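Next come the chains, spelled out residue by residue.
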Amino acid sequence: MEGKLSGRRVALFAADLFEDIELYYPLYRLGEEGAEVVVVGPSRRTYQGKHGLAIKAQAGLEDVRQEDFAALVLPGGYAPDHLRRQERLLEMVRGADGAGKPIAAICHAGWIPVSAGIVKGRRMTGFWSIKDDLVNAGAAYEDRPVVEDGNLITSRYPNDLGAFCRAIIAALSG
């Protein structure tokens, strides 16, 4: 499909117990704009969402490099707690940050940039229960639908998905 994001590849990360709508909404919305969205998991298999939806990872972490993508999108749910233990993903986040590529995290996915060590001195938002984790890692917490600090885009929860996706699209369109 042709659109603002034609020719751009985006990595969308999945692991068991992802927040269903926080994965599927960006998958379809970025695809509508013409992006090639690649679902990446710790391995190439099917993952179950918190609310019963499933998704098959098209690639495992061992199959991809941050250089393969224009942006990284990190959905929330319980999956980020598992994903942040994957050193390969943390390396990709650090590499994408160093390259100035958009890194978008919603809800509990703010844990992943925290574990990657890229949040000190940056403005962020996330689900209220991870506020202390963000602040303790050195981020300035803002309770807003979307917070952009350079290439880092963060949102709080599913109600913010519209603003979250608009910010990702704008960052990739520039």
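Residues numbered from 1 in each chain as written. Predicted model: local features only at pLDDT ≥ 70, side-chain atom pairs only at ≥ 80, totals over all residues. Heavy atoms only, no water.

Undergrad: Mind showing me how you'd approach the overall build of the chain here?
TA: Of the regular secondary structure elements, the chain holds six helices and 11 strands. On C-alpha atoms alone, the chain measures out to a radius of gyration of 14 Å, which is about the 16 Å that the 2.2 N^0.38 rule sets for 174 residues. Along the first, second and third principal axes, the C-alpha atoms of the chain reach 40 × 30 × 30 Å. A sequence separation of at least 24 residues applies to 63% of the contacts in the chain between residues at least 6 apart. The distance from the centre of the 21 positive side-chain charges to the centre of the 23 negative ones in the chain is 2 Å. (Helix = DSSP H or I, 4+ residues; strand = E, 2+ residues; numbered from the N terminus. Rg over C-alpha atoms; globule rule 2.2 N^0.38 Å. Contact = heavy atoms within 4.5 Å. Lys, Arg positive; Asp, Glu negative; His and termini not counted. Charge placed at Lys NZ, Arg CZ, Asp CG, Glu CD.)

Undergrad: Looking at this model, I keep getting lost on the confidence of the model for the chain. Mind explaining?
TA: A low pLDDT score tells you not to read the predicted coordinates there in detail. Confidence in the prediction for the chain averages 97 pLDDT; 99% of positions are at 70 or higher. Across the chain, the secondary-structure element scoring lowest on mean pLDDT is helix α2 (residues 79–83), at 97, and the one scoring highest is strand β7 (residues 103–106), at 99. (pLDDT = per-residue confidence, 0-100.)

Undergrad: How should the environment of R123 be read in this particular structure?
TA: Turning to its location among the elements, R123 is positioned in strand β8 (residues 123–124). For R123 and G150, which are 27 residues apart along the polypeptide, the C-alpha to C-alpha distance reads 9.3 Å. Excluding residues that lie within four positions of it along the chain, R123 makes contacts with A140, E142, R144, V147, E148 and D149. Within polar-contact distance, the side chain of R123 engages the side chain of E142 at 3.2 Å. A polar side-chain atom of R123 sits 2.6 Å from the main-chain carbonyl oxygen of E148. (Polar contact = N/O pair within 3.5 Å; in protein donor to acceptor, adjacent residues only side chain to side chain.)

Undergrad: Help me understand helix α3 (residues 87–98) in this model?
TA: Working note: α-helix, 3.6 residues per turn, so residues spaced by three or four point in the same direction. Its 12 residues give α3 an end-to-end C-alpha distance of 16 Å, which sits within 8% of 16 Å, the value for a rise of 1.5 Å per residue. Taken residue by residue, α3 has L89, L90, M92, V93, A96 and D97 as its buried positions. Buried residues along α3 cover an arc of 155 degrees about the axis, so they all sit on one side. Where α3 is buried, its residues meet β1 (9–13), β6 (71–74), α2, β7 and α4 (111–116). Once α3 ends, the next one or two residues include G100, with phi positive near 75 degrees. (Expected span 1.5 Å × (residues − 1). Buried < 20%, exposed > 50% of the residue type's maximum accessible area, 1.4 Å probe, protein only. Arc of directions from axis to C-beta.)

Undergrad: For this particular structure, what's the right way to read the packing of aromatic side chains?
TA: Given two aromatic rings, one states the distance between the centres and the angle between the planes to describe the pair. Applying the stated rule across the entire model yields two aromatic pairs. With a centroid separation of 5.7 Å and an interplanar angle of 40 degrees, the aromatic rings of F127 and W128 are classed as tilted. In this structure F127 comes out as partly exposed when scored by relative accessible area, which is 23%. Owing to a relative accessible area of 64%, W128 belongs among the exposed residues under this scheme. A cation sits over an aromatic face here: R84 above W111, 4.5 Å from the ring centre. (Phe/Tyr/Trp six-rings, centres within 6.5 Å; stacked < 30°, edge-to-face > 60°. Lys NZ or Arg CZ within 6 Å of the ring centre and 35° of its normal.)

Undergrad: Help me out: how do you make sense of the side chain of R122 in this one?
TA: The residue R122 is located in the loop between α4 and β8 in this model. A relative accessible area of 12% places R122 in the buried class. At 3.1 Å, the side chain of R122 and the backbone oxygen of I118 are in polar contact. Side-chain polar atoms of R122 contact the backbone oxygen of D149, separated by 3.2 Å. Those residues in contact with R122, other than ones at most four positions away along the chain, are D97, G138, A139, A140, D149, N151 and L152.

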